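What follows is each chain in one-letter form.
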Amino acid sequence: EDKVVQSPLSLVVHEGDTVTLNCSYEVTNFRSLLWYKQEKKAPTFLFMLTSSGIEKKSGRLSSILDKKELFSILNITATQTGDSAIYLCAVGRASGGSNYKLTFGKGTLLTVNP
Amino acid sequence: KAGVTQTPRYLIKTRGQQVTLSCSPISGHRSVSWYQQTPGQGLQFLFEYFSETQRNKGNFPGRFSGRQFSNSRSEMNVSTLELGDSALYLCASSPRGLHEKLFFGSGTQLSVL
C-alpha cells in the first residue's frame with residue numbers, strides 16, 4: 001500500500017522565520033511528487049518534482065526531491081501571515097498504461113503569527 | 001478561464017438518505033477526480049473519470065459512485081448515508097497529459113446527522 005507521511009503535523013512560527021516541511025513516501029512505480037497549499041477549501045498547486053536533486057523555486061518557496069532516500073522538503077523563507085495554511089504533499093505513481101494514482105499525506109498545518 | 005465549480009457548497013442530510021454532488025471542470029480539462037477530506041484521514045482518493053470512463057477507483061464502498069458526462073461535467077453520488085460520510089468532498093480537474101497537476105474546486109461540505 002502506498003504511504004505518504006508528512007511532518008510535523010502542525011507548526012507555529014513568527015513572521016520572518018524560515019520553515020522546513022517534510023514529506024517521506026513509500027510508493028511503487030514512482031512518477032512524481034507534488035506540493036499543494038490549502039488555505040480555506042481548495043488546495044492550490046505549488047510544485048511538481050520528478051527528478052532527484054533539482055530544486056524548484058517560486059519566490060520564497062522552494063522544494064527539492066531525494067529519490068534515493070524517498071523524501072522531499074518544502075522550504076519557506078521570511079514567512080508571512082499569508083503563508084498560514086495546510087501544506088499537502090502528494091505522490092503519484094504509474095498505474096497501468098497512461099493511468100496514474102495520487103496518494104496524499106495528511107498535511108502540515110502551518111500557522112504564522114505576526 | 002473559470003475555475004473548477006462545485007455545487008452545492010454546503011449540504012446537510014440525515015442517515016440513510018442519498019446525495020448527489022456536482023462538479024464542472026475547467027474548460028478543456030477532460031480528467032475529473034474526486035477526493036474525500038476529513039480531519040483524521042486527510043485527502044482520500046475516490047475515483048477519476050476521463051472521457052466519460054472511470055479510469056481509477058479508490059478504496060471506498062459501493063455506496064460511493066460517480067459518472068462523467070460528454071461535456072466533462074461530473075457527478076458523484078453517495079447512497080444510504082452514514083455519519084462517517086461527513087466530510088469535505090473535493091473535485092479536481094487536470095489538463096491533458098499532466099494528470100497530476102490538479103486544479104481543485106472549493107468543495108462541498110457534507111454533514112450527515
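Numbering of residues begins from 1 in every chain and follows the order in which that chain's sequence is written. Key to labels: chains lettered from A, ligands numbered from 1, both in the order written. Per-residue local features are limited, in this predicted model, to residues with pLDDT of at least 70; the limit for side-chain atom pairs, both in listing and counting, is 80 or more; totals at the level of whole chains, interfaces and linings are taken over all residues. The side-chain quantities take in all heavy atoms of the structure and omit both hydrogens and water.

**Thoughts on the interface of chain B and chain A**
Item 1. In this assembly, 24 residues from chain B lie in contact with 19 residues from chain A.
Item 2. The quantity reported as buried area is the accessible area (1.4 Å probe) lost by two parts once they are put together, taken as the sum for both. Summed over both sides, the interface between chain B and chain A buries roughly 1900 Å², with carbon and sulfur atoms accounting for 54% of that surface.
Item 3. A per-residue breakdown of the area chain B buries against chain A is headed by Leu43, Glu100 and Phe104 of chain B, which together make up 30% of the total.
Item 4. Only one rule defines a salt bridge in this text: a Lys or Arg side-chain nitrogen within 4 Å of an Asp or Glu carboxyl oxygen. Here chain B is connected to chain A by zero salt bridges.
Item 5. We define a polar contact as two N or O atoms separated by no more than 3.5 Å, with the added condition that, inside protein, one atom must be a possible hydrogen donor and the other a possible acceptor, whereas residues neighbouring each other in sequence contribute only through side-chain atom pairs. The interface formed by chain B and chain A holds three residue pairs in polar contact (both at pLDDT 80 or more) in total.
Item 6. Among the elements of the structure, strand E4 (31-38), strand E5 (42-50), strand E6 (53-57) and strand E9 (87-94) of chain B are those that each provide at least two residues to the side of chain B that touches chain A.
Item 7. Strands are runs of DSSP state E lasting at least 2 residues, helices are runs of H or I lasting at least 4, and numbering of each runs from the N terminus. Per-element accounting of the side of chain B that touches chain A gives the leading share, four residues, to E5 of chain B.
Item 8. When the residues that make up the side of chain B that touches chain A are grouped by side-chain class, the tally is nine nonpolar, ten polar and five charged. Contact between two residues is taken to exist if any of their heavy atoms lie within 4.5 Å; hydrogens are not considered. Gly is placed with the polar residues, together with every amino acid not listed as nonpolar (Ala, Val, Leu, Ile, Met, Phe, Trp, Tyr, Cys and Pro) or charged (Asp, Glu, Lys and Arg).

**A look at the sheet that holds strand E3 (residues 19-24) of chain B**
Residue and element names in this part refer to chain B.
Item 1. Strand pairing is assigned whenever DSSP detects at least two bridges linking the two strands. One open sheet holds the four strands; their spatial order is E1-E3-E8-E7, and the pairing between them is antiparallel. The open sheet has two edge strands with one neighbour each: strand E1 (5-7) and strand E7 (64-68). Recorded for the sheet is a direction-independent mean angle of 15° between the axes of neighbouring strands.
Item 2. The pairing of E1 with E3 spans three bridges and is antiparallel. From the neighbouring strand, threonine 7 faces E3, where its bridge partner is serine 22. Convention adopted: a line fitted to C-alpha atoms gives each axis, helices being fitted over their contacting stretch, and angles between N-to-C directions are expressed from 0 to 180 degrees.

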